[in-house]
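Secondary and tertiary structure notes
The residues making up each chain are set out below.
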Amino acid sequence: MNIVLRLAWRNLWRYPRRTWLTTGAMIFSNVLLVFMISIQIGTYGLMIDNTLEALTGHLQIQAPGYKDDLKMRQVVPDAISLAASVREGLNLQTVSARGAAFALASSEDRSYGIQVLGVEPMFEPGVSSLPGLTKEGRYLDDANAAEIVIGSVLARNLRVSIGGELTLLGSGRDGSIAAGIVTVVGVFHGGNKELDRGIAEVPIGYFEDTFDMQGAAHQIVINAGDYSKTEQLVQQANALLPADSKLVVHDWNALQPGLRQAIQADMGSAIFMYAVLVVLVAFSVLNTQLMSVLERTREFGIVMALGLTPGRLGRLVMLETALMGLVGLVMGSVLGGIVTSLFTVKGIYVPGMEEMAGQFNLPSRMYPQVSALTLIAGPGIVFLFTLLAAIYPAMRLHWLQPVAAMRAA
Amino acid sequence: MTAVTCIELCKTYRQGDQEIKALDHASIDIGEGGFVCLSAPSGGGKTTLLNAIGGLDIPDSGEVWIAGKRIDNLGKGELANLRLHKIGYVFQAYNLVPVLSARENVEFVMQVQGVPAGQRAEKSMAILKEVGLQGLEDRRPAEMSGGQQQRVAVARAIVSRPALVLADEPTANLDSKTSDALMELFVQLNKTHGTTFVIATHDQRVMGYAKRLIKMLDGRIVDDIDQQAA
Amino acid sequence: MYMLRIMSTLAWRNLWRNHRRTIIMISAITIGVWAMIFMTALMRGMVNEMVRDGIRALPGHVQIHGRGFLDDPGINNLLPMKDEDVTASFDAAGFDAWAGRIRVPAVVTSERDSRGITLYGIDPVRERDITFVAGDIVEGRFLEDADDSGVVIGRKLADNLETELGKRIVIMSQDPDNEIADRGFRIVGIFEARLEAYETSMLFAGKSAIQKMLNVPDRINEVVVLGDDYRNVDPVVRKVTDLVGPGVEVLPWYEVDSYLGTMMTVMDGFVLVWMIVVFLALSFGLVNTLVMAVFERVREIGLMMALGMRPTSILLQIVIESLLLLLLGLLIGNVLAGATVYWLRDGIDISVVAAGMEMFGASSLLYPQLTAHDVVLANVVVLILGSIASLSPAWRASRYDPIEAITKV
Ligand SMILES: Nc1ncnc2c1ncn2[C@@H]1O[C@H](COP(=O)(O)OP(=O)(O)O)[C@@H](O)[C@H]1O
Ligand SMILES: [Mg+2]
């Protein structure tokens, strides 16, 4: 080993207790950072996936303005054939056309206002998790049948079961009265109250007839498989739109602006908390290294008298700090990784989580996700601030007068 | 009654695989009002013996009696009490609490004893005057010379009128003139208050002041000279 | 007592022997305490605002329904007693504020479009003290009395329906026999709410008009009561329960909206965990400082013990020194946190993530809120854990062997 490195290393361990306490602060913060960041990454991913895969998909083709106003007449014309050509153009099966209307659904003894979606039974399972969550009865299979699949809470509220009939009453594309009678063929458990209470799906052909859509629908939903591919698909989909159409392609961020912003808001508060931890570690390091420099004043005076420059001594102090920071970084990352990994399978349960999680389409347990990024991001920043904290102690050496230093007690 | 009695004290230290007999069957008897010098070359066992007498250290075997009371079998708390109330201590160096002024250092022991503030102030001012430090009461140790610091230490050792004062090489860091002044102070206190003094030293000049000179070597008592007769 | 005085004097002076170290440590404690209190104030501000908003957005403090209403909130779960009997008994009981309502799911249709909403038939005079809407009318007027034949709707809903003040809309719902009941209403007022969800989902009409439309004269299905403090509603629940007797369900707001209810408890847990984490990050530096302080004073500690000071007194001295350090940090930290909260008393605008905050159910203007409880908690956590942390170095100091300490060079 290099002699300077060896010197720095030995200096570091002059007072092992002090060095351990300082690295202890780093390790504590690093473990916490690795753990928390892993949870965040894991949770955000799930939150995005779960929210989007229920209905929204990763991108949608809509009429301009539709996503804000959800008006019946803001339509995508010839939706089924457009969906087919997009499917072909993107070479992706997970593309489906969908119409949406509000209607009063009445059973024999109950009526509720709900959102009725007209879906392509063939393709809807590719863009939505609800078909797969239809555990009672079956999902739609005929594009024109007068059938409906409803959420579990809605089924309970309407007091209908499989085989029961519902009357739908709403307004069609041009504002005229739209009415129809459908048979309940399936009940889905979406796991989210809003979905289970207020959503029902009918075949798109039946939807078009009932709501007088004249071949149009409201959305072409595309599931990218992984939200990171969204960007690329948006561009491709844009290229596939008919030249004269006014249609627009929205990514999930535009469709669910709350999602990213909720993540940003959560990250904002997390960053504040992490910053506090990092600053506290920096103070710990500042204290230790300043003391270490001050108590060696005499020793430094002597070596300076021997001809060592303050600059070199300053670098020695920085090297000592870097070594200490490295110990904290490695031990913190490793320990943090181990602790976090223990929870990746079983997940973490916090009391009260269920209600909170339900709000964000999350399961009631949190599953941290360990990756190189989560292992290194927090500890790396702690390391950086550790070095920054040592600058002042190292600078003090520049003001050291050898003669005065040697006489120091 | 004797002020200090030590019977067959032994103390062995281990250093690596070497055994050092710091005290080797050492027995002494010091009467009340005695003024005794323990002399030995460095490493002869002076400090070990003083520490045993002062209850700072427990010998491996043998007995220590102070004013008719056996102390080598007492607990830590009782020993602390003994030092607090019966014994004054002056060390070679580092006698004072750095953050306390001369007066506060002197008052410190009294304060721990629970002496009321008025009485404390009176006594400490008087004793500082007696050791010749009038006017320096509010200085902190760092603002005083070695001799002045040792005087503060002496003032603190005798302020609550202990029957016994133990001093471990009190002049080792002082020049000869200051040493003489300090020893004269001891002699005078011995005369006026009848305080028993046991002073460990290897300084010829100090030995000259003693009424009785006990010589040690390698932890054994090798000579005991009554200097008053001479 | 005198012992305490000497110990405190010594501890105080010792503290300033190494003023750099002390100042660094106090700064760290200050930052930690500031972060504890400020972060807590932010979170409290957010959650309390959420809860207050949530409560104003209808639940009130205590709700009374027929059994089964929460599962099936509609016309079929009417209260067993008549509207006028409720009025008589509740007025006699002397609540701060209360109101009876009829609340049903409904579909609202304009010339252009339809939406599912919750229809509230209210007594506007009584509701003035309870719901937010009365004060948030931006166009037109609030309802005047229970017979008012107009409706008040949210701005966003009006936009979605492409309708406006003065225009007519049709409300459809069901009567107890599940006959479709519909009626046209004129929009007399438009309100804005802090959360968009309120604007799109709530529609207010006169109670008598709705009773007539739904064919349930003199019946209601919800009574809300306001106590004087939402944090202490149990007495109100008891009083109401005594008043209405069995056969109806009396629920505090935190059971009506379990998300809001859990938010409060989760918050309490979070606050405590945050404070402890910050303290732990601090504790390494604190222990380190004390270890160094003790280490430097080996000799004088030995000296004091040689002079007859008991080990417990030494221990006490170090603990006092630590407490002084903590108290100074606490003092400055508390003042700083208070000042920060005061400085931000007009709220922090985070509308860049407004849609995200809406997902949490919070608005985008954060008002940090300092509560005595949280401030005391932070101080107690720091002092108690601080004393515990200082015990280890203090214990070590009190275990020093006086001889070794004195003879040490
Ligand atoms: N704590 C200790 N550990 C090991 N050896 C010691 C210790 N204290 C004293 N000694 C040894 O005991 C012997 C007597 O020491 P001491 O009583 O200090 O002598 P003096 O005070 O006469 O110089 C010396 O050889 C010394 O090295
Ligand atoms: Mg000695």
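Residues numbered from 1 in each chain as written. Chains lettered and ligands numbered in written order. Predicted model: local features only at pLDDT ≥ 70, side-chain atom pairs only at ≥ 80, totals over all residues. Heavy atoms only, no water.

Facing 28 residues of chain B, the contacting portion of chain C comprises 21 residues. Both faces considered, chain B and chain C share a buried interface measuring about 2,300 Å² in area, 67% of it formed by carbon and sulfur atoms. Applying the counting rule to chain B against chain C returns 1 salt bridge. Our enumeration of links across chain B and chain C arrives at 4 residue pairs in polar contact (both at pLDDT 80 or more). Elements represented by at least two residues in the side of chain B that touches chain C include exactly helix 2 (76-85) and helix 3 (102-113) of chain B. Sort the elements by how many residues they give to the side of chain B that touches chain C and helix 3 of chain B lands first, with 6 residues. (Contact = heavy atoms within 4.5 Å. Buried area = accessible area lost by both parts, 1.4 Å probe. Salt bridge = Lys/Arg side-chain N within 4 Å of Asp/Glu carboxyl O. Polar contact = N/O pair within 3.5 Å; in protein donor to acceptor, adjacent residues only side chain to side chain. Helix = DSSP H or I, 4+ residues; strand = E, 2+ residues; numbered from the N terminus.)

As a further point, take the confidence of the model for chain B. Looking at chain B, the pLDDT average stands at 88 and 99% of residues meet or exceed 70. Complex prediction metrics read pTM 0.81 and ipTM 0.82. (pLDDT = per-residue confidence, 0-100.)

What follows deals with the packing of helix 11 (residues 257-295) of chain A against helix 13 (residues 310-346) of chain A. Residues and elements named next belong to chain A. Running from N to C, helix 11 and helix 13 point in directions that differ by 140°, and their axes come no closer than 11 Å. Viewed along their axes, helix 11 and helix 13 adopt a mutual orientation that is oblique. The two elements helix 11 and helix 13 meet at a crossing, and its hand is right-handed. Contact residues: Val 285, Gln 289, Ser 292 and Val 293 in helix 11; Val 317, Glu 320, Thr 321 and Met 324 in helix 13. (Axes fitted to C-alpha atoms, helices over the stretch in contact; angles between N-to-C directions. Parallel < 35°, antiparallel > 145°, perpendicular 65-115°, else oblique. Left-handed = near helix turned anticlockwise from the far one by under 90°.)

On to helix 8 (residues 234-244) of chain C, then. All names here are of chain C. Within the span of helix 8, buried status applies to Val 236, Val 237, Val 240 and Val 244. The buried side chains of helix 8 occupy one side of the element, clustering within an arc of 100° when seen end-on. The outward face of helix 8, more than 90 degrees from its buried face, is lined by the exposed residues Arg 238 and Asp 242. A positive backbone phi angle near 70° is found at Gly 245, which sits one or two residues after helix 8. (Buried < 20%, exposed > 50% of the residue type's maximum accessible area, 1.4 Å probe, protein only. Arc of directions from axis to C-beta.)

Listed as interface residues are 67 residues of chain C and, on the opposing side, 65 residues of chain A. If you sort the residues of chain C by the area they bury against chain A, C:Ile24, C:Phe284 and C:Met359 come out on top, with a joint share of 12%. The residue C:Glu162 makes a salt bridge to A:Lys71 at a minimum N-O spacing of 3.8 Å. The interface formed by chain C and chain A holds 15 residue pairs in polar contact (both at pLDDT 80 or more) in total. With 20 residues, the single largest contributor to the side of chain C that touches chain A is helix 10 (residues 258-296) of chain C. Looking at the side of chain C that touches chain A residue by residue, the classes come out as 37 nonpolar, 18 polar and 12 charged. (Nonpolar A, V, L, I, M, F, W, Y, C, P; charged D, E, K, R; others polar.)

With that settled, the discussion passes to the sheet that holds strand 10 (residues 220-226) of chain B. Residue and element names in this part refer to chain B. With respect to topology, 6 strands assemble into an open sheet ordered 6-7-8-3-9-10, the strand pairing being mixed. Taken across any chain shown, the strands that pair with only one partner, and hence form the sheet edges, are strand 6 (87-90) and strand 10. Each strand of the sheet is rotated relative to its neighbour by a mean of 15°, with strand direction disregarded. Both strand 3 (residues 35-39) and strand 8 (residues 196-201) contribute to a ladder of 5 bridges, which runs parallel. Looking across to strand 8, one finds that Cys 37 is bridged to Ile 199. Strands in contact with helix 1 (residues 46-53) are strand 3, strand 6, strand 7 (164-168), strand 8 and strand 9 (212-217); relative to strand 7, the strand with the most contacts, it is inclined by about 155°. Those strands touched by helix 5 (residues 146-158) are strand 6 and strand 7, and its axis lies near 170° from that of strand 6. (Pairing = 2+ DSSP bridges.)

Tallied over the entire structure, the rule returns 40 salt bridges over all chains. We note a salt bridge from A:Arg87 to A:Glu120, for which the minimum N-O separation is 3.3 Å. Of the two residues, A:Arg87 sits in helix 4 (residues 79-90) while A:Glu120 sits in the loop between strand 3 (111-119) and helix 5 (124-127), which places them 33 residues apart along the sequence. In this structure, C:Glu162 and C:Arg112 form a salt bridge, with 3.9 Å as the shortest nitrogen-oxygen distance. Of this pair, C:Glu162 sits in the loop between helix 5 (155-160) and strand 6 (168-174) while C:Arg112 sits in the loop between strand 2 (97-109) and strand 3 (114-122); the two residues are 50 residues apart in sequence, bridging distant segments of the chain. In the salt-bridge network here, residues are joined through shared partners; they are A:Asp69, A:Lys71, A:Arg73, C:Arg112 and C:Glu162.

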